[in-house]
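# Topology and contacts: notes
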Amino acid sequence: MDEYVTRRNKLAAQMHNGSIAILRGAAIKLRNHDADHPFRQDSDFYYLTGFNEPNAVFVLSKDDKGNVLYILFNQSSDPVAEVWTGKRVGQDNACKIYQADAAYDIAKIDNIMPDLFAGKQIVYYPLGADEKLDLDILNWLKCSKNKALSFIPNTLTDILPFIHELRLFKSDQELEFMRKAAVISAHAHLDLMRSCKAGMQEYQLEAIFNAKCLDAGCRALAYNSIVASGNNACTLHYTANDQQLMAGDLVLVDAGGEYNNYAADITRTFPVNGKFTEAQRLIYNLVLEAQLAGIAEVKPGNTWDRVQIVILEILVKGLVKLGILNGDYKQLIKDNEYKKFYMHSSGHWLGLDVHDAGKYKINDRWRKFEPGMVLTVEPGLYIANNISGIESKWLGIGVRIEDDVLVTKKGHEVLSSAAPKTIEEIECAAI
Ligand SMILES: [Mn+2]
């Protein structure tokens, strides 16, 4: 739990004296009728508390002398409810285990919070992100005012930029969880290459992936898996996964497990019957060349957009060489001619969220890589079968290759390297 103390201290250090920070944890969400979605804690809340129950509110209170108190509002123990939904941490253990300085029953929050506002100038919270919390904050302010408390906050400040900047730099413990998520997911990808056969359904590959991740200790997938065979790979967020795998097609699998709430995000593309055709081989190797060159640019001091530029140049030059695009590659890039084949960017931050928190630009300039950041590098080429003027051998080929990359002092570490990636490795895995 020391990890969470450090994070709260880092946040508190940025708060003004005479301020209060408030975050609400996630609620249980209904799936249909009376069946719930599996509970997943809010990432910012989890980052600062490690607390995994629904219906909780986090408070960090800093008085005008700079003394900080961590207060948790959480569900109280309830023997009747606990028969149905399991043991609750309760207030005593919130202090003992989760190191809260004080813990109160969440049911009493409206009575207690106005008093916590007394003597504070600023309220930090996710401004405008949660309508209910916006209204609650205003109500608590009104109550403080009505109580004629001498001094109540007059400034509301968005807390998220402070937390998100902290989340961008992963601690050793976070990296341990991310490595685990990446290794489990990479092995699951390898398993798909081994078990894939023509005639299977896309969802059967999805089932194998999910089973592997859950069996290895992931309690959830980090996002809905994309298992897209043939032309389906050209639909970027294809998640229907309900088509039959055909010999001669490629299948693109974008899937990652979540370990202790940390995400992996890996994409591999491989032939349904284990062997690339010549056209598939050419497109695949072009995407791979771009991905490797992109990863090579991940090192301290390089800027975020460097990866993007290097990848784009290789892809467009390659498309010209293959005769899929015609013209000068620089002009083709300027005119966005490549966008019908490569329409997304080369990656994103990765962590508690699959598209993780953290700014990409500072003062409108692309930020530089620093040790401890984790990002994905994921170029792709998608030649949808309804694009006109393209030789038929290219049509219906969609390839994306995505790895999870940690910025280290010396350069980078590919966390997901256990998933086969070269044509040789992939064809070998299928035997
Ligand atoms: Mn991704």
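This is a predicted model, so every value here is computed, not measured. Numbers given for residues are sequential positions, taken from 1 along each chain in its written order. Confidence filtering applies because this is a predicted model: local features only for residues at pLDDT of at least 70, side-chain atom pairs given and counted only at 80 or more, and all residues used for totals across whole chains, interfaces and linings. Only hydrogens and water are removed before side-chain values are computed, so all heavy atoms of the structure are retained for them.

### A short note on the overall build of the protein
To keep things clear, this is the line we draw: Strands here are runs of E lasting at least two residues and helices are runs of H or I lasting at least four, both read from the DSSP assignment and numbered beginning at the N terminus. Three labels apply to residues, based on accessible area from a 1.4 Å probe with only protein chains included: buried if under 20% of the type maximum, exposed if over 50%, partly exposed otherwise in between. By the convention used here, residues are in contact when the closest approach between their heavy atoms is within 4.5 Å. Method for areas: the Shrake-Rupley scheme with a 1.4 Å probe, in which residue coverage is limited to the protein chains shown. For this count, His and the chain ends are skipped, Lys and Arg are scored as positive, and Asp and Glu as negative. Note on charges: their place is set at NZ of Lys, CZ of Arg, CG of Asp or CD of Glu.
Within the protein one finds 13 helices and 21 strands. The proportion of buried residues among the 431 residues of the protein is 53%. Counting only contacts in the protein whose residues sit at least 6 apart along the sequence, the fraction spanning at least 24 positions is 70%. Accessible surface, the protein: about 20000 Å² in total, of which carbon and sulfur atoms supply 50%. Here the protein carries 47 positive and 55 negative side-chain charges, and the mean point of each set is 4 Å from the other.

### A look at the packing of helix H8 (residues 172-195) against helix H9 (residues 202-215)
Threshold: Axis definition: a line fit to C-alpha positions, over the contact stretch in the case of helices; interaxial angles, taken between N-to-C directions, run 0 to 180 degrees. The handedness criterion is simple: a crossing whose near helix is rotated anticlockwise from the far helix by less than a right angle is left-handed, and one whose near helix is rotated clockwise is right-handed. When residues are sorted by character, Ala, Val, Leu, Ile, Met, Phe, Trp, Tyr, Cys and Pro go into the nonpolar class, Asp, Glu, Lys and Arg into the charged class, and all the rest, Gly among them, into the polar class.
Where H8 meets H9, the closest approach of the two axes is 9 Å, and the angle between their N-to-C directions is 145°. By crossing handedness, the relation of H8 to H9 is classed as right-handed. On H9, the residues that touch Ile184, Ser185, Ala188, His189, Asp191, Leu192 and Ser195 of H8 are Leu205, Ile208, Phe209, Lys212 and Cys213. The residue inventory of the contact of H8 with H9, partitioned by class, reads 7 nonpolar, 3 polar and 2 charged.

### Notes on the domain arrangement of the protein
Heads up, the condition is: Reported domain spans reflect what an automatic or database domain assignment gives. Here the buried area means the combined drop in accessible surface, using a 1.4 Å probe, for two parts upon being joined, counting both sides. Put simply, a salt bridge is a Lys or Arg side-chain nitrogen that is within 4 Å of an Asp or Glu carboxyl oxygen.
Each assigned domain of the protein is listed here: domain 1 (2-167) and domain 2 (172-429). Each partner contributes to the interface: domain 1 provides 10 residues, whereas domain 2 provides 12 residues. Summed over both sides, the interface of domain 1 with domain 2 buries roughly 1100 Å², with 36% coming from carbon and sulfur. Between the two partners, domain 1 and domain 2, sit 5 salt bridges.

### Here we look at the coordination of the manganese ion
Rule in force here: Coordinating donors are taken to be N, O and S atoms lying within 2.8 Å of the metal, or within 3.2 Å when the metal is Na, K or Ca; because water is excluded from the atom set, some sites may appear incomplete.
Listed as protein donors to the manganese ion are Asp265 (OD), His348 (NE2), Glu378 (OE) and Glu402 (OE); their distances from the metal cover 2.1 to 2.5 Å. Here the donor residues of the manganese ion are spaced in sequence according to D-x82-H-x29-E-x23-E. Of this pair, Asp265 sits in the loop between strand S13 (262-263) and strand S14 (266-271) while His348 sits in the loop between helix H12 (329-334) and strand S15 (361-362), and the two are 83 residues apart along the sequence. Considered together, Asp265 and His348 belong to a single accessibility category, that of buried residues.

### Brief notes about the packing of aromatic side chains
Geometrically, a pair of aromatic rings is defined through the distance of the ring centres and the angle of the planes. Stated formally: The rule is short: rings of Phe, Tyr and Trp, with Trp giving its six-membered ring, pair when the centres are within 6.5 Å, and they are stacked under 30 degrees, edge-to-face over 60, tilted in between. Should the NZ of a Lys or the CZ of an Arg lie within 6 Å of a ring centre and within 35 degrees of the ring normal, that charge is described as sitting over the ring.
Within the structure shown, the criterion is met by 14 aromatic pairs. Look at Phe177 and Tyr259: their rings are 6.1 Å apart centre to centre, the planes differ by 50°, and that puts the pair in the tilted class. Here Phe177, found in helix H8, pairs with Tyr259, found in strand S12 (residues 257-259); they are 82 residues apart in sequence, far enough to count as distant. Pairing Trp349 with Tyr360 gives two aromatic rings, centres 5.3 Å apart and planes at 10°, and the pair type is stacked. Placement of the pair is Trp349 in the loop between H12 and S15 and Tyr360 in the loop between H12 and S15, with a sequence separation of 11 residues. Each member of the aromatic cluster is reached from another via a ring pair, and the members are Trp304, Trp349, Tyr360 and Phe369. In this structure, Lys317 is placed above the aromatic ring of Tyr329, and the distance from its NZ or CZ to the ring centre is 4.7 Å. Looking at Lys361, its charged tip hangs above the ring of Trp366, at a distance of 4.6 Å from the centre.

### Regarding the sheet that holds strand S8 (residues 155-158)
Short version of the rule: We treat two strands as partners when DSSP finds at least two bridges between them.
In spatial order, the strands read S6-S5-S4-S1-S7-S8; together these 6 strands make up an open sheet with mixed pairing. Two strands lie at the open edges of the sheet, namely strand S6 (102-105) and S8, each paired on one side alone. The average angle at which neighbouring strand axes cross in this sheet is 20°, direction not considered. Packing against the sheet, helix H1 (residues 2-14) makes contact with strand S4 (57-62), strand S5 (68-74) and strand S7 (122-125), and its axis sits at approximately 50° to S4. Where helix H5 (residues 109-117) meets the sheet, it contacts strand S1 (19-24), S4, S5, S6 and S7, and its direction lies at approximately 165° from that of S5.

### A few points about the pairing of S14
Across the 6 residues of S14, 6 count as buried, placing the element largely inside the fold. Of the two faces of S14, the one holding Ile266, Arg268 and Phe270 and the one holding Thr267, Thr269 and Pro271 are both buried throughout. The pairing of strand S11 (residues 250-255) with S14 spans 6 bridges and is antiparallel. When the bridges of S14 are listed, Val253 appears paired with Arg268.

### Brief notes about the packing of H1 against helix H7 (residues 160-168)
What counts, and what does not: Small angles under 35 degrees read as roughly parallel and large ones over 145 as roughly antiparallel, with 65 to 115 read as roughly perpendicular and the rest as oblique.
Running from amino to carboxyl end, H1 crosses H7 at an angle of 135°, the nearest separation of the two axes being 10 Å. By the criterion of interaxial angle, the relationship of H1 to H7 is oblique. Here H1 runs over H7; the crossing is right-handed. Each of Arg7, Lys10, Leu11 and Gln14 in H1 lies in contact with H7, whose residues at this interface are Phe162, Ile163 and Leu166. The class makeup of the residues in the contact of H1 with H7 is 4 nonpolar, 1 polar and 2 charged.

### A closer look at unusual backbone geometry
One non-glycine residue, His33, adopts positive backbone phi at about 40°. Turning to its location among the elements, His33 is positioned in the loop between strand S2 (30-32) and strand S3 (35-36). The phi angle at Asp364 is positive, at roughly 70°, despite the residue not being glycine. The exposure class assigned to Asp364 is exposed, which follows from its relative accessible area of 66%.

### Quick look at the side chain of Glu427
Definition in use: In the analysis that follows, any N or O atom pair within 3.5 Å is treated as a polar contact, provided that within protein one partner can donate a hydrogen and the other can accept it, and provided that, for residues neighboring in sequence, both atoms belong to side chains.
For Glu427, the position within the fold is in helix H13 (residues 423-429). Take Glu427: its relative accessible area is 13%, and that puts it in the buried class. Among the polar contacts listed, one links the side chain of Glu427 to the backbone nitrogen of Phe276, at a separation of 2.9 Å. Glu427 has contacts with Gly274, Lys275, Phe276 and Arg281, leaving out every residue within four places of it along the chain.

### Re the nonpolar core
Selection rule: As used in this record, nonpolar core signifies buried Ala, Val, Leu, Ile, Met, Phe, Trp, Tyr and Cys residues forming a set joined through side-chain atoms within 4.5 Å.
Counting 117 residues, the largest nonpolar core has Leu11, Leu205, Val251, Phe270, Phe341 and Leu381 as its most contacted members. There are two domains that each give this core at least three residues, and those are domain 1 (2-167) and domain 2 (172-429). Beyond its immediate stretch of four places on either side in the chain, Val251 contacts Cys196, Leu205, Val227, Ala228, Ser229, Leu245, Arg268, Thr269, Phe270 and Val272. Within the second largest apolar cluster, 18 residues are counted, among which are Ile20, Leu133, Trp140 and Leu141.

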